[in-house]
Amino acid sequence: MVYDLLPSGKQHMVHYAFGMFFSGKSWWKSKGGSDKDLHFLVALGTSAGVVSSVITTPIDRMKVLSQSTAQTKKRTIFKTLSSIYRKGGLNGLYQGKFANAKRAAVVNGVEIPCYVFFKDFLTETVKLSDDFSTQFILCSFHFSSWHCIFTTF
């Protein structure tokens, strides 16, 4: 699936962002808010992206360092984590957090609401069932296709 094609660090971020987004959307709807309000969906997507980015920054940092440095032997996750912490402390684990958070804010603030609007279009207008095939296959294909087109230029 499309999710499996993402690098592992980004899979975690997408998982957290979507989880926070849809939890926030359900909460908003239970309070009487409209789950079709574009401003709310963009703000929620942006917030979910920033929070998920901050949560996953240490994982992403470990991945980047392990891929970019020459290693004579493979290191375990715990050795990589302790090495980063020894050299830079907690700040070392969160190096690059602001750049990652800014990028995640923009990406999730746009992409998640687009995904939601397209899924709603398929389930409400086209009358497809709200199941696995609609959510992950059709929406993910449409979502990733447009993402590839617009981020290439």
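In this numbering scheme, every chain counts its residues from 1 along its sequence in written order. Restriction of local features to residues with pLDDT of at least 70 applies here, the model being predicted, together with a cutoff of 80 or more for giving and counting side-chain atom pairs; totals for whole chains, interfaces and linings are based on all residues. Note that the side-chain values use all heavy atoms of the structure and ignore hydrogens as well as water.

With respect to the overall build of the protein chain
Secondary structure elements are taken from DSSP: a helix is a run of H or I of four residues or more, a strand is a run of E of two residues or more, and numbering for both begins at the N terminus. Helix and strand counts for the protein chain come out as six helices and zero strands. The linear arrangement of helices and strands in the protein chain, starting from the amino end, is α-α-α-α-α-α. Relative accessible area decides the class of each residue, using a 1.4 Å probe on protein chains only: under 20% of the type maximum gives buried, over 50% gives exposed, and in between gives partly exposed. Residues classed as buried in the protein chain amount to 31% of the 153 residues present. When checking whether two residues touch, look at their non-hydrogen atoms; a contact exists if any pair is within 4.5 Å. Excluding contacts between residues fewer than 6 apart, the proportion of contacts in the protein chain whose partners are at least 24 apart in sequence is 63%. Total accessible area computed for the protein chain in this model is approximately 9900 Å², and 67% of it derives from carbon and sulfur atoms. Calculation of accessible area relied on Shrake-Rupley with a 1.4 Å probe; when residues are assessed, cover is drawn exclusively from the protein chains displayed.

Considering the environment of Lys25
Structurally, the position occupied by Lys25 is in helix α2 (residues 8-30). Lys25 sits 16 residues away from Leu41 along the chain, and the two C-alpha atoms are 7.7 Å apart. Other than its neighbours up to four places away in sequence, Lys25 contacts Asp35, Phe40, Leu41, Leu44, Val116 and Asp120.

A look at the nonpolar core
Ranked by size, the top nonpolar core spans ten residues in total: Ala17, Phe18, Phe21, Phe40, Leu41, Leu44, Ala48, Ile112, Tyr115 and Val116. For this core, the secondary structure elements donating two or more residues are α2, α3 (38-68) and α5 (97-125). No other element matches the four residues that α3 contributes to this core. Aside from chain neighbours lying at most four places away, what touches Leu41 is Phe21, Lys25, Asp35, Lys36, Pro113 and Phe117. Throughout, nonpolar core names a set of buried Ala, Val, Leu, Ile, Met, Phe, Trp, Tyr and Cys residues whose side chains join them through atoms within 4.5 Å.

Notes on the packing of aromatic side chains
Any pair of Phe, Tyr and Trp rings, taking the six-membered ring for Trp, is counted once the centres come within 6.5 Å. Such a pair is stacked with planes under 30 degrees apart, edge-to-face with planes over 60 apart, and tilted for the rest. In the structure shown here, the tally under the stated rule is four aromatic pairs. Ring geometry for Trp27 versus Trp28: centroids 6.4 Å apart, planes at 45°, classification tilted.

Regarding α5
A helix is expected to span 1.5 Å for every residue after the first. Its 29 residues give α5 an end-to-end C-alpha distance of 40 Å, which sits within 8% of 42 Å, the value for a rise of 1.5 Å per residue. Here the bend at each residue means the angle between axes fitted to two seven-residue stretches, the one ending at that residue and the one beginning there. The largest bend in α5 comes to about 30°, at Asn108. Directly beyond the C-terminal end of α5, a positive phi value near 70° is found at Lys127.

Some remarks on the packing of α3 against α5
A fitted line through C-alpha atoms serves as each axis, taken over the contacting stretch for helices, and the angle formed by two N-to-C directions is quoted from 0 to 180°. Packing of α3 against α5 leaves a shortest axis separation of 6 Å and a crossing angle of 135°. When the axes of α3 and α5 are compared, the pair comes out oblique. The handedness of the crossing between α3 and α5 comes out as right-handed. Residues Leu38, Leu41, Val42, Gly45, Thr46, Gly49, Val50, Ser53, Thr57 and Asp60 of α3 touch α5, and the partners they reach there are Lys97, Asn100, Ala101, Ala104, Ala105, Asn108, Gly109, Pro113 and Phe117. For classification purposes, angles smaller than 35 degrees are called roughly parallel, those larger than 145 roughly antiparallel, those between 65 and 115 roughly perpendicular, and all remaining angles oblique. Note: crossing handedness is left-handed where the near helix turns anticlockwise from the far helix by less than a right angle, and right-handed where it turns clockwise.

Quick look at the pattern of salt bridges
The term salt bridge refers to a side-chain nitrogen of Lys or Arg lying within 4 Å of a carboxyl oxygen of Asp or Glu. The full count for this structure, using the stated rule, is four salt bridges. For Lys36, the salt bridge identified is with Glu124, shortest N-O distance 3.1 Å. Within this pair, whereas Lys36 is found in the loop between α2 and α3, its partner Glu124 is found in helix α5, the two being separated by 88 residues in sequence. A relative accessible area of 35% means that Lys36 is categorised as partly exposed. The class of Glu124 is partly exposed, set by a relative accessible area of 42%. Residue Asp130 pairs with Lys119 through a salt bridge whose shortest N-O separation is 3.4 Å.

Looking at the confidence of the model for the protein chain
You can read pLDDT as the predictor saying how much it trusts each residue, on a scale of 0 to 100. Considering every residue of the protein chain, the mean pLDDT works out to 78; 76% of them sit at 70 or more. Note that residues 1-12 has pLDDT below 50 and, in this model, 17 contacts with residues that lie over four places away or in other chains.

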